[in-house]
Amino acid sequence: MSDPIIAVEHLNMWYGRVTALNDVSLTTPPGISGLLGPNGAGKTSFMRILVGLMRPSGGAVTVLGDDPWNNTAHNLRTGYCPEHDGFHEWMSGREFLTWMLRLRGRMREDARHGAAEALDRVRLQDAADRPIGTYSRGMRQRLKIAQAVSHDARLLFLDEPLTGTDPLVRLELIELIRSFGREGRSVLVSSHVLHEIEALTTNIVLFHRGRLVACGDVHEIRSLIDRHPHLVSVRTTRARDLAAALLRDESVSEVSFPRESEILVRTRRPDDFYARLPKVALELECSVEELSSPDDNLEAVFRYLTEK
Amino acid sequence: MAVLDQSYQPWHGDFQPRFRRVVAMIQVEIKQAFAGTFTKIMLLSTFTLMFGIVGILFIVSSLPVDRTFDFLAGNHLFRFFLSSMFPTGVLIMTLAAMIGGRAVSRDLRTNAMSMYFSKAILPFDYLMAKWATVSLFLLSATFAPAALMWIGHWAVARESLTTGQRLADLGAVTLHSLVIVLPIAMYVLALSSLSRGAFVPAILWTLTYLGSWTISLILGEALGEDWCKLLSWPNLTNRLGELCYANRPLPLKVHKTDFMSGPSLPYDWQEPLTILAAVTVISAGIVLWRLRKFEGQE
């Protein structure tokens, strides 16, 4: 088995009295790994420690065999795409990338060449000479990824790279990130959306409230999640009739009424339930006005995992 | 089994030394200062006024009259220009507020710190680049016009000096400019690092500069103690500045003025240098502390 790209032992991070990371120990193999957790889980703190932007309060961190803290050589081999933009808006994309490469020690000509390649890679050639201030959200995300990868980084840290992008751009970015993995680079990408990570990799790390909750193959995590009851909220005009009909189905284990026109259904077989619901509604001739699952958000998934 | 293309190759070219990376930062910082129209107008006005006054001073000092004012004679001309509250003091104050006030605060506001420090840039490099940038702008309003005067003095002044004396004048002008510029630049950066906006550091700096001068005058009048004069920022730089120049007899008959009546502080170099050095070092410490603090908070 190949050496781990990232190795962390008993990592702790405190901001005053707030614990951001609590005794985290893990290793990640080469390739793409997903860092998953709800907002405030400690993903960004973890990533910033790996990038070398923050010194941990305790524990040991090794990235590509080195301690990342205060280590400029580490920054020459890794690339970081922060969650928030940090551009000089008056600069063009080309100027920005050239400058970033010069800050990484490239000679002026090398930097220009590297910037052109990176712009080409993220499909920003047409807008390369426009001020960044005029860029759309998707273009800005692509430019951030370009600055992270432009120096031929061996390991990329991408903090929520898909946030705020439209579905088309999202697909493009997912394909771009997957291409980095295919080339033989390693990528650690964070998100709070499970299906985004599933689209990128099967190797995931789950954080919740600063702790490492699970680590491994996404399918194992998914089955772990699926063993726990799934909540579905149904808004309908005939809540009690629909609830009575649904309770006769084996897939439904419990029904409650948070409001007069809303049913909260608990099911261990969500796929069966979603298939059965339209038929029952049709038989009763009642309309379903809204269907949502509180479990769709990752916070609920983590509640299951941490309470199991 | 999936076959991956594995085309990735690490870069094997030459890297620039650390100094060049700092220079790359300075270049962009200078361009950034000229990015806004308002800033361009302000800078242009400042430099026009500064160089206009330099021209007037120089012409007056080189007029073929029997007597001149003592502050325009010999190397007193440079000292007078660099030590005067107007235009030099006020223009330096304005430039420091405009350029230095936002130097760090803008990066904090726009989350640019992680962009810098995920590259081959350390907080110390960042501090040096910002310090150099603000200092360069301030030197353009101190050293540049004073050096022009020095060149003009060589060409037309009626003082016969050796090359060594002229070079000593240039050295004095350089040193005097640095004494003025370096502590101001670092202090303004410290204020800038304490805020995410450009306005508050600019106001705080202006209050420090003018306030220290005013308080020193008021306390000096009220208490009559020598130490009150040490409270004034301009007094500190002026005292160190005047120690940079060689004493030599004035070339012409002169009208005596208050300006040349004595040293600006009743102290030697140790006290003002200690105060200015302490302010500079503490300011640098504040900036570095704030950089580390904000890295975790962005």
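The shown structure was predicted, so the numbers you read here are calculated from the model rather than taken from an experiment. All residue numbers refer to positions counted from 1 along the written sequence of the respective chain. As a convention, the first chain written is A and the first ligand written is 1, with the rest following in written order. Whole-chain, interface and lining totals are the exception, using all residues; otherwise, since this is a predicted model, local features are given only for residues with pLDDT of at least 70 and side-chain atom pairs are given and counted only at 80 or more. Side-chain calculation: all heavy atoms of the structure are included, whereas hydrogens and water are not.

## With respect to the overall build of chain B
Move 1: Helix and strand definitions here come from DSSP, where helices need a minimum of 4 consecutive H or I residues and strands a minimum of 2 consecutive E residues; each element is numbered from the N-terminal end. Helix and strand content of chain B: twelve helices and two strands.
Move 2: Structurally, chain B occupies a C-alpha span of about 100 × 45 × 35 Å along its principal axes.
Move 3: In chain B, which comprises 298 residues, the share counted as buried stands at 51%.
Move 4: Note on areas: Shrake-Rupley with a 1.4 Å probe; residue coverage comes only from the protein chains shown. For chain B, the accessible surface area stands at approximately 13,700 Å², while carbon and sulfur atoms represent 69% of it. For every residue, the accessible area obtained with a 1.4 Å probe (protein chains only) is divided by the maximum for its type, and the residue is called buried under 20%, exposed over 50%, and partly exposed between those limits.

## Focus: the interface of chain A and chain B
Move 1: Contact between two residues is taken to exist if any of their heavy atoms lie within 4.5 Å; hydrogens are not considered. Taken residue by residue, the interface counts 41 residues in chain A and 40 residues in chain B.
Move 2: The term buried area means the drop in 1.4 Å probe accessible area that two parts suffer when joined, counted for both and summed. Roughly 3,700 Å² of surface becomes buried between chain A and chain B when both sides are summed, with 59% attributable to carbon and sulfur atoms.
Move 3: Three residues, A:Trp90, A:Arg102 and A:Leu103, lead the burial of chain A against chain B; their summed loss comes to 17% of the area buried on that side.
Move 4: Each reported salt bridge corresponds to a side-chain nitrogen of Lys or Arg within 4 Å of a carboxyl oxygen of Asp or Glu. The interface formed by chain A and chain B includes one salt bridge.
Move 5: In this structure, A:Glu95 engages B:Lys31 in a salt bridge whose closest nitrogen and oxygen atoms are separated by 3.5 Å.
Move 6: Each polar contact in these results corresponds to two N or O atoms within 3.5 Å; when the atoms are within protein, one needs to be able to donate a hydrogen and the other to accept it, and residues that are neighboring in sequence are counted only if both atoms are side-chain atoms. Counting every contact that joins chain A to chain B gives 13 residue pairs in polar contact (both at pLDDT 80 or more).
Move 7: For the side of chain A that touches chain B, the secondary structure elements donating two or more residues are α1 (43-51), α2 (72-77), α3 (93-103), α4 (108-121), α5 (137-149) and α6 (167-183) of chain A.
Move 8: With six residues, α3(A) is the largest single contributor of residues to the side of chain A that touches chain B.
Move 9: We call Asp, Glu, Lys and Arg charged. Ala, Val, Leu, Ile, Met, Phe, Trp, Tyr, Cys and Pro are nonpolar, and the rest, Gly among them, are polar. Within the side of chain A that touches chain B, the residues separate by chemical class into 17 nonpolar, ten polar and 14 charged.

## A closer look at the side chain of B:Glu29
Residue and element names in this part refer to chain B.
Move 1: When you line up the elements, Glu29 lands in helix α1 (residues 18-33).
Move 2: Residue classification places Glu29 among the buried positions, given a relative accessible area of 5%.
Move 3: Reaching out from Glu29, the side chain makes a polar contact with the side chain of Arg106 at a distance of 3.2 Å.
Move 4: Excluding residues that lie within four positions of it along the chain, Glu29 makes contacts with Arg106, Asp107, Tyr116, Lys130 and Thr133.

## Quick word on the pairing of strand β2 (residues 18-28) of chain A
Residues and elements named next belong to chain A.
Move 1: Two strands make a pair as long as DSSP finds a minimum of two bridges between them. Sheet topology places strand β1 (residues 6-15) next to β2; seven bridges connect them, and they run antiparallel. In the strand pairing of β2, Ala7 is matched with Thr27.
Move 2: Counting the residues that bridge the hairpin from β1 to β2 gives two residues, and of these Gly16 lies at a positive phi of roughly 60°.

From the geometry alone we can't say anything about function, so treat these as descriptive.
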